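Observations on chain architecture
For reference, the chains in residue letters:
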Amino acid sequence: MRCWNVRMAAFFAVVIAALTMVGLVAAPVQAAPTAREMTLTFVRHGESEGNASGKIDTTTPGPDLTDLGRKQARQVAELLSDQRFDGVYASRMVRTQQTARPTALRHRLPIVVKPGFHEILAGDYEGQPESDARDTYFAAPSKWLRGDLAARIPGAENGYEFKKRVDDSLASVVAAGKKNPVIFAHGGMIMVWSMMTASNGADYAQKLQTDPLRNVGRVVMKGNPTKGWRIVEWIGNPQLPDVADCGAGALPLDLGSLAPC
């Protein structure tokens, strides 16, 4: 499938090895009596021109979605239409915002951009072939999953910095009083943060081989920052519904254009 890319495939091989070697369990903090459980739905963006190019691309704003990616955005909006989302969030990158748009329209919610939901920064490896990612771009994140958060991607971030910026953006979602937000983000960011953070992250290690997170795949987590988070759903390759063909380069312009365009 065009929506799958070599960078993600290389990542899964690294991560499954890391989680097999070391059990990754985030110890939850004692919950306060007033702690309210939230549901976080993380959705990977649709296929982008960057995916199709075979090059590592984490720069802002990044390339647009392909026509297939635009269709996937409409499909995932239809797939999740019965969810009572109370917030729609995206990273700074165009591909997540374009993927979020049909869902935001359907739920009559604005897209709120949060910088912490950005993809893992590639640093010196920006623009290099995705086929080399296992030994370059993902060398440090694989160490993060083994507990070495000081490992740094050359020219970019270490594990402490990565986790803090995701946590900080999530904290602003919590502060806004959201109980059921959907967050459109990136495969590496979603997988690494969820595995680093969830109390049951190690239980999902085999999913990286059997059900890897493809374009518009999702990870759902429950909990809160006080008592911790747990993964409750991992759908790497969702079965997407049929949607009307909007034509090349098209995105819905308003609510009435969703079905048909």
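How each quantity is defined
Residues numbered from 1 in each chain as written. Predicted model: local features only at pLDDT ≥ 70, side-chain atom pairs only at ≥ 80, totals over all residues. Heavy atoms only, no water. Patch = residues over 30% accessible without salt bridge, like charges linked within 9 Å, V, L, I, M, F, W, Y side chains within 5 Å. Areas by Shrake-Rupley, 256 points an atom, 1.4 Å probe, with all protein chains shown as cover. Salt bridge = Lys/Arg side-chain N within 4 Å of Asp/Glu carboxyl O. Lys, Arg positive; Asp, Glu negative; His and termini not counted. Charge placed at Lys NZ, Arg CZ, Asp CG, Glu CD. Buried < 20%, exposed > 50% of the residue type's maximum accessible area, 1.4 Å probe, protein only. Pairing = 2+ DSSP bridges. Helix = DSSP H or I, 4+ residues; strand = E, 2+ residues; numbered from the N terminus. Axes fitted to C-alpha atoms, helices over the stretch in contact; angles between N-to-C directions. Parallel < 35°, antiparallel > 145°, perpendicular 65-115°, else oblique. Contact = heavy atoms within 4.5 Å. Nonpolar A, V, L, I, M, F, W, Y, C, P; charged D, E, K, R; others polar. Left-handed = near helix turned anticlockwise from the far one by under 90°. pLDDT = per-residue confidence, 0-100.

Comments concerning a negative patch on the surface
On the surface, a cluster of negative charge is contributed by Glu49, Asp64, Asp67 and Asp245. For Asp67, a relative accessible area of 44% corresponds to the partly exposed category.

Brief notes about the sheet that holds strand E6 (residues 228-235)
On the basis of which strands lie adjacent, the open sheet formed by six strands has the order E3-E2-E4-E1-E5-E6 and mixed pairing. Here the strands that pair on one side only, and so sit at the sheet edges, are strand E3 (111-113) and E6. With direction set aside, neighbouring strand axes in the sheet form an average angle of 25°. Pairing geometry for strand E1 (residues 38-44) and strand E5 (residues 218-224), over six bridges, is antiparallel. Its bridge partner being in E5, Phe42 is matched across the sheet by Val219.

Brief notes about the packing of helix H6 (residues 159-175) against helix H7 (residues 187-197)
Following both chains from N to C, one finds H6 and H7 inclined at 90°, their axes separated by 11 Å at the closest point. By the angle between their axes, H6 is roughly perpendicular relative to H7. In this structure, H6 contributes Gly159, Phe162, Lys163, Arg165, Val166, Asp167 and Leu170 to the contact, and H7 contributes Met189, Val192, Trp193, Met196 and Thr197. Of the residues that constitute the contact of H6 with H7, the class distribution is seven nonpolar, two polar and three charged.

Some words on the packing of helix H3 (residues 67-79) against helix H4 (residues 94-107)
Closest axis-to-axis distance for the H3/H4 pair is 8 Å, and the angle between their directions is 35°. The chirality of how H3 crosses H4 is right-handed. Across the interface between the two elements, Arg70, Ala73, Arg74, Val76, Ala77 and Glu78 of H3 pack against Gln98, Thr99, Pro102, Thr103 and Arg106 of H4. Considering only residue class, the contact of H3 with H4 consists of four nonpolar, three polar and four charged.

Regarding unusual backbone geometry
Of note, the bond from Thr60 into Pro61 is cis; its omega dihedral lies within 30 degrees of zero at 5°. Mapped onto the elements of the fold, Pro61 is located in the loop between helix H2 (49-53) and H3. Phi is positive for Arg108, which is not a glycine, with a value near 55°. Turning to its location among the elements, Arg108 is positioned in the loop between H4 and E3. Of note, Val216 is a non-glycine position whose phi angle comes to about 60°, a positive value. Mapped onto the secondary structure, Val216 falls in the loop between helix H8 (207-210) and E5. A residue is classified by how much of its surface remains accessible, and Val216, at 0% relative accessible area, is buried.

What about the confidence of the model for the protein chain?
On average, residues of the protein chain carry a pLDDT of 85, and 81% of them reach 70 or more. Note on residues 27-34: pLDDT is under 50 here. Beyond four places in sequence and across chains, it has nine contacts.

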